[in-house]
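The residues making up each chain are set out below.
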Amino acid sequence: MNLNVVESQLLVGELMLKLAEVDTNAKVIIAPAFVNLPIVDVAVENSSLVVAAQNMHHEEKGAYTGEVSADMLSSLGIDHVIIGHSERRAYFNEDDVILKAKVDKALTYDMNIIFCVGEQLEDRKEAKHFDVIKNQIEEALFHLEAYAYNFITIAYEPVWAIGTGETASPEQAQEMHAFIRSLFAKKYSESVADDISILYGGSVKPANAKELFSNPDVDGGLVGGAALNADDFVAIIKAI
């Protein structure tokens, strides 16, 4: 919940100018607040930037005041959405049942999904972090056919490293990303596991991005606060 319409336009304008000077094959997705989506989407029309929604409701329509449906997003031309962000899980009580329904609804609209998973600090301290991630993925995603993963990217966010300044070490990130990839290999195939992108999210910043992204199973980042500064965000993009 950052930036009004004017602030979003200024940031996106600055980002496009700086990215025009960068030679990168990275897919860059930005996810402004709902009220800024139409204007930002128009602003990036002639650029390589892709616009995503931060969330969506799992029902088609109805008495869900304040919510936004997949149909509404699709009608704006938005075809990327973040589902299961740790803040949605923690503050809005989104559980695996709700997230499974959101995934299914998004896929009916051929939307590209960034599906977030992550453990709390106590889970890691109690050595439950692998079980937590396994359950989150199995409960919300493993009912899908293999072809659905053409539309799905996984984002691993250790909750204890979000907005805290703490970051999982490159070794911790790689260990969990490799574990996540192994889950898809066992459930589907090595091909599905190899093809799926797994992003790291948890206080990614210019100072640690290159080391994190150098891991073989870390395919990119889900960037929070650093994306509100064009220079920092571009530095992170360059590190991929």
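That block above? That's the structure.
This text gives an overview of the structure that appears in the document. (Residues numbered from 1 in each chain as written. Predicted model: local features only at pLDDT ≥ 70, side-chain atom pairs only at ≥ 80, totals over all residues. Heavy atoms only, no water.)

**Things to note about the overall build of the protein**
Right, on to step 1. On a plain count of helices and strands, the protein comes out with 11 helices and 7 strands.
Right, on to step 2. By the compact-globule yardstick of 18 Å for 240 residues, the protein fits well, its C-alpha radius of gyration being 17 Å.
Right, on to step 3. C-alpha extents for the protein along the principal axes are approximately 45 × 45 × 35 Å.
Right, on to step 4. Put simply, the protein has 240 residues, and 48% of those count as buried.
Right, on to step 5. With the model as given, the accessible surface of the protein reaches about 12,100 Å², and the carbon-plus-sulfur share is 50%.
Right, on to step 6. Across the protein, the mean location of the 18 positive side-chain charges is 3 Å away from that of the 37 negative side-chain charges. (Helix = DSSP H or I, 4+ residues; strand = E, 2+ residues; numbered from the N terminus. Rg over C-alpha atoms; globule rule 2.2 N^0.38 Å. Buried < 20%, exposed > 50% of the residue type's maximum accessible area, 1.4 Å probe, protein only. Areas by Shrake-Rupley, 256 points an atom, 1.4 Å probe, with all protein chains shown as cover. Lys, Arg positive; Asp, Glu negative; His and termini not counted. Charge placed at Lys NZ, Arg CZ, Asp CG, Glu CD.)

**Notes on the pairing of strand S4 (residues 112-117)**
Right, on to step 1. Counting buried residues along S4, 6 of its 6 residues qualify, which places the element largely inside the surrounding structure.
Right, on to step 2. Neither face of S4 is open: one carries Asn-112, Ile-114 and Cys-116, the other Ile-113, Phe-115 and Val-117, and all of them are buried.
Right, on to step 3. Pairing of strand S3 (residues 80-83) with S4, which is carried by 4 bridges, proceeds in the parallel orientation. Across the sheet, Ile-83 pairs through a bridge with Phe-115, a residue of S4. (Pairing = 2+ DSSP bridges.)

**So, the sheet that holds S3**
Right, on to step 1. Across the sheet, which stays open at both edges, the 5 strands sit in the order S3-S4-S5-S6-S7 with parallel pairing between neighbours. With partners counted over all chains shown, the strands left at the sheet margins are S3 and strand S7 (220-221), one partner each.
Right, on to step 2. Examined bridge by bridge, strand S5 (residues 152-156) and strand S6 (residues 198-200) share 3 bridges and lie parallel to one another. When the sheet's bridge partners are listed, Ala-155 is paired in S6 with Leu-199.
Right, on to step 3. The strands touched by helix H7 (residues 129-141) within the sheet are S4 and S5, with S4 carrying the most contacts at an inclination of about 145 degrees. (Contact = heavy atoms within 4.5 Å. Axes fitted to C-alpha atoms, helices over the stretch in contact; angles between N-to-C directions.)

**As for the side chain of Lys-102**
Right, on to step 1. Positionally, Lys-102 belongs in helix H5 (residues 96-108).
Right, on to step 2. One polar contact links Lys-102 to Glu-94, side chain to side chain, over a distance of 2.7 Å.
Right, on to step 3. Setting aside its immediate chain neighbours within four residues, Lys-102 contacts Asn-55, Met-56, His-57, His-58, Ile-83 and Glu-94. (Polar contact = N/O pair within 3.5 Å; in protein donor to acceptor, adjacent residues only side chain to side chain.)

**Points about unusual backbone geometry**
Right, on to step 1. Phi angles above zero are rare outside glycine, and Leu-3 is one such case at about 75 degrees.
Right, on to step 2. Topologically, Leu-3 is positioned in the segment before helix H1 (5-19).
Right, on to step 3. Phi angles above zero are rare outside glycine, and Ala-127 is one such case at about 60 degrees.
Right, on to step 4. Within the element layout of this structure, Ala-127 appears in the loop between helix H6 (121-125) and H7.

**Things to note about the pairing of S5**
Right, on to step 1. A large share of S5 lies buried, amounting to 4 of its 5 residues.
Right, on to step 2. Here S4 runs beside S5; their pairing, made up of 5 bridges, is parallel. Pairing of Ile-114 across the sheet is with Thr-153, part of S5.

**Points about the nonpolar core**
Right, on to step 1. Phe-115, Leu-141, Tyr-149, Ile-154, Ile-180 and Phe-184 are the most contacted members of the largest nonpolar core, which totals 66 residues.
Right, on to step 2. Apart from the residues within four sequence positions on either side, Tyr-149 is in contact with Leu-141, Phe-142, Leu-144, Phe-184, Tyr-188, Val-192 and Ile-196.
Right, on to step 3. Judged by nonpolar contacts, the second largest core, of 6 residues, contains Ile-82, Ile-114, Cys-116 and Leu-222. (Core = buried A, V, L, I, M, F, W, Y, C linked by side-chain atoms within 4.5 Å.)

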